[in-house]
2 protein chains.
Amino acid sequence: MEETDRAILSALADDGRQSYTDLAEKVGLSVSAVHQRVRRLEQRGVIRGYAARLDHEALGLPLTAFVAIRPIDPSQPDDAPERLADLPEIEACYSVAGDDFYLLLVRVASPADLERLLQEIRKAANVATRTTVVLSTPYEGRPPQIR
Amino acid sequence: MEETDRAILSALADDGRQSYTDLAEKVGLSVSAVHQRVRRLEQRGVIRGYAARLDHEALGLPLTAFVAIRPIDPSQPDDAPERLADLPEIEACYSVAGDDFYLLLVRVASPADLERLLQEIRKAANVATRTTVVLSTPYEGRPPQIR
DNA sequence: AATGAAATTCTCAAATC
DNA sequence: GATTTGAGAATTTCATT
């Protein structure tokens, strides 16, 4: 990874909607050179896309939790991620080493909604759940180390 | 939250860099009406910003882990998040209910780097760590439920 | 990687519903 | 109060050097 590309990626991680004009000034290249580099980073898959960063609280989803899940019957096929994929409260699903099989990151409006979601998760994937409620989020979504 | 705003937020969560022209077509309004709504959503803090979604593997950070931390000495002031804030491998820090105090999401290049990072975390914040390695990520960063 | 030019988009005013 | 129209400014995009 080259110096200029790193600068471009850092700038776009911080503000994904800034103009190529601004980007060009920051990295010290012409607009078209920056444009070409961004195109290449997109095509190489280093940049996977762009997303608005939305405020969960403002969207009415102030409650975040981690839900560790484990199959009730470990002999059954393990297709929990697919079975849970259309529950929109689930932001992420990680397959993990250790006692549990998957770790889910979920966002809900209230404890009542969390209770309902946990029931849905257990039913949909035939799993036991262990939930860790998030009390506050000192920081989240920080840009990855670019080197 | 109004129907049109929800459509705008969904579209921008999916592609944060699309033009107002495209957005306007999707939500069935004029370009300037969409522009004004987006401005308002930004000012209200519903849209907190825009970010490029970067590929950790392409950036040379193929190893993800969750690190639960707990103070060695619970009588000391609890300022772990600030003490850990300048470790760039830490993408997120959640304060959680339960046995642990904080849950960190970290990205590193290798098991050796994870080992080094854990030592740094323990030293910087005077904490014990319990680490859960992520084996794969069925999905991550899905858009929040917008209603 | 830079230049230059055409096509598109952004931005903001005033007018309209 | 929200949306549309219209026009000038800025940006994106691409061919050429």
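Residues numbered from 1 in each chain as written. Chains lettered and ligands numbered in written order. Predicted model: local features only at pLDDT ≥ 70, side-chain atom pairs only at ≥ 80, totals over all residues. Heavy atoms only, no water.

To continue, consider the protein's contact with DNA strand D. Around DNA strand D sit 14 residues, and of these Tyr20 of chain A together with Ser30, Ser32, Gln36 and Arg37 of chain B come closest. Sugar and phosphate atoms constitute 70% of the interface atoms of DNA strand D, taking the interface as everything within 4 Å of the protein. Note that a phosphate oxygen of DNA strand D is positioned 2.8 Å from one of the backbone N or O atoms of Tyr20 of chain A. For DNA strand D, a phosphate oxygen lies 2.4 Å from a polar atom in the side chain of Arg37 of chain B. At the level of secondary structure, the elements contributing two or more residues to the surface near DNA strand D comprise helix H2 (20-27) and helix H3 (31-43) of chain A together with helix H3 (31-43) of chain B. (Near = heavy atom within 4 Å. Polar contact = N/O pair within 3.5 Å; in protein donor to acceptor, adjacent residues only side chain to side chain. Helix = DSSP H or I, 4+ residues; strand = E, 2+ residues; numbered from the N terminus.)

Moving on: the packing of helix H1 (residues 3-14) of chain A against H2 of chain A. Residues and elements named next belong to chain A. Viewed as axis vectors pointing N to C, H1 and H2 meet at an angle of 135 degrees, and their least axial separation amounts to 10 Å. Here H1 lies oblique to H2, going by the angle between them. Here the hand of the crossing between H1 and H2 comes out right-handed. Every residue of H2 that contacts H1 at Thr4, Ala7, Ile8, Ala11 and Leu12 is listed here: Leu23, Lys26 and Val27. In the contact of H1 with H2, the residues fall into six nonpolar, one polar and one charged. (Axes fitted to C-alpha atoms, helices over the stretch in contact; angles between N-to-C directions. Parallel < 35°, antiparallel > 145°, perpendicular 65-115°, else oblique. Left-handed = near helix turned anticlockwise from the far one by under 90°. Contact = heavy atoms within 4.5 Å. Nonpolar A, V, L, I, M, F, W, Y, C, P; charged D, E, K, R; others polar.)

Residues and elements named next belong to chain A. Across the interface, H2 lies against H3 with an axial gap of 8 Å and an inter-helix angle of 100 degrees. Between H2 and H3, the crossing angle belongs to the class labelled roughly perpendicular. For the pair H2 and H3, the contacting residues are Tyr20, Thr21, Leu23, Ala24 and Val27 in the first and Val31, Val34, His35 and Val38 in the second. Taken together, the residues of the contact of H2 with H3 sort by class into seven nonpolar, two polar and no charged.

Our next topic: the relation of the copies chain B and chain A. When chain B is fitted onto chain A, the two copies agree to an RMSD of 0.1 Å after a turn of 180 degrees and an axial shift of 0.0 Å. Those values place the two copies in the arrangement expected of a two-fold rotation axis. Comparing interface residues between copies, 100% of those in chain B also lie at the interface in chain A; the contact surface is shared. (Least-squares fit on C-alpha atoms with pLDDT ≥ 70 in both.)

The subject of this paragraph is the interface of chain B and chain A. Listed by partner, the interface residues are 64 residues for chain B and 64 residues for chain A. For the pair chain B and chain A, the interface holds three salt bridges. As a salt-bridge pair, Arg48 of chain A and Asp55 of chain B come within 3.6 Å of each other at their nearest N and O atoms. Here chain B is connected to chain A by 39 residue pairs in polar contact (both at pLDDT 80 or more). Of all the secondary structure elements, the ones that give two or more residues to the side of chain B that touches chain A are helix H1 (3-14), strand S1 (47-54), helix H4 (80-84), strand S3 (90-96), strand S4 (102-108) and strand S5 (127-139) of chain B. (Salt bridge = Lys/Arg side-chain N within 4 Å of Asp/Glu carboxyl O.)

Attention now goes to the sheet that holds S5 of chain B. Ordered by their spatial adjacency, eight strands build a closed barrel running S2(A)-S4(A)-S3(A)-S5(B)-S2(B)-S4(B)-S3(B)-S5(A), and the pairing between neighbours is antiparallel. Recorded for the sheet is a direction-independent mean angle of 35 degrees between the axes of neighbouring strands. Across seven bridges, the pairing between strand S2 (residues 63-71) of chain A and strand S5 (residues 127-139) of chain A is antiparallel. For Val67 of chain A, the partnering residue across the bridge sits in S5 of chain A and is Thr131 of chain A. Across the face of the sheet, helix H5 (residues 111-125) of chain A comes into contact with S2, strand S3 (90-96), strand S4 (102-108) and S5 of chain A while running at roughly 140 degrees to S5 of chain A. Against the sheet, helix H5 (residues 111-125) of chain B contacts strand S2 (63-71), S3, S4 and S5 of chain B, and its axis sits at roughly 140 degrees relative to S5 of chain B. (Pairing = 2+ DSSP bridges.)

Here Pro74 of chain A is to be found in the loop between S2 and helix H4 (80-84). Through-space distance from the C-alpha of Pro74 of chain A to that of Arg17 of chain A is 46 Å; in sequence the pair is 57 residues apart.

Turning our attention to the pattern of salt bridges. All names here are of chain A. By the definition in use, this model includes 23 salt bridges over all chains. Its salt-bridge partner being Glu91, residue Arg107 comes within 2.7 Å of it at the nearest N-O pair. One end of the pair, Arg107, is in strand S4; the other, Glu91, is in strand S3, with 16 residues separating them in the sequence. Across this residue pair, the class does not change: Arg107 and Glu91 are buried. Among the charged side chains, a network of salt bridges with common partners joins Glu2, Asp5 and Arg37. (Buried < 20%, exposed > 50% of the residue type's maximum accessible area, 1.4 Å probe, protein only.)

Since one α-helical turn is 3.6 residues long, residues separated by three or four positions face the same way. Residues and elements named next belong to chain A. Counted at 1.5 Å a residue, the expected span for H5 with its 15 residues is 21 Å, and the 21 Å between its end C-alpha atoms agrees. Along H5, the residues classified as buried are Asp113, Leu114, Leu117, Leu118, Ile121 and Ala125. Burial along H5 is one-sided: seen end-on, the buried residues are contained in an arc of 140 degrees. Residues of H5 that are exposed and angled more than 90 degrees away from the buried face: Glu115 and Lys123. (Expected span 1.5 Å × (residues − 1). Arc of directions from axis to C-beta.)

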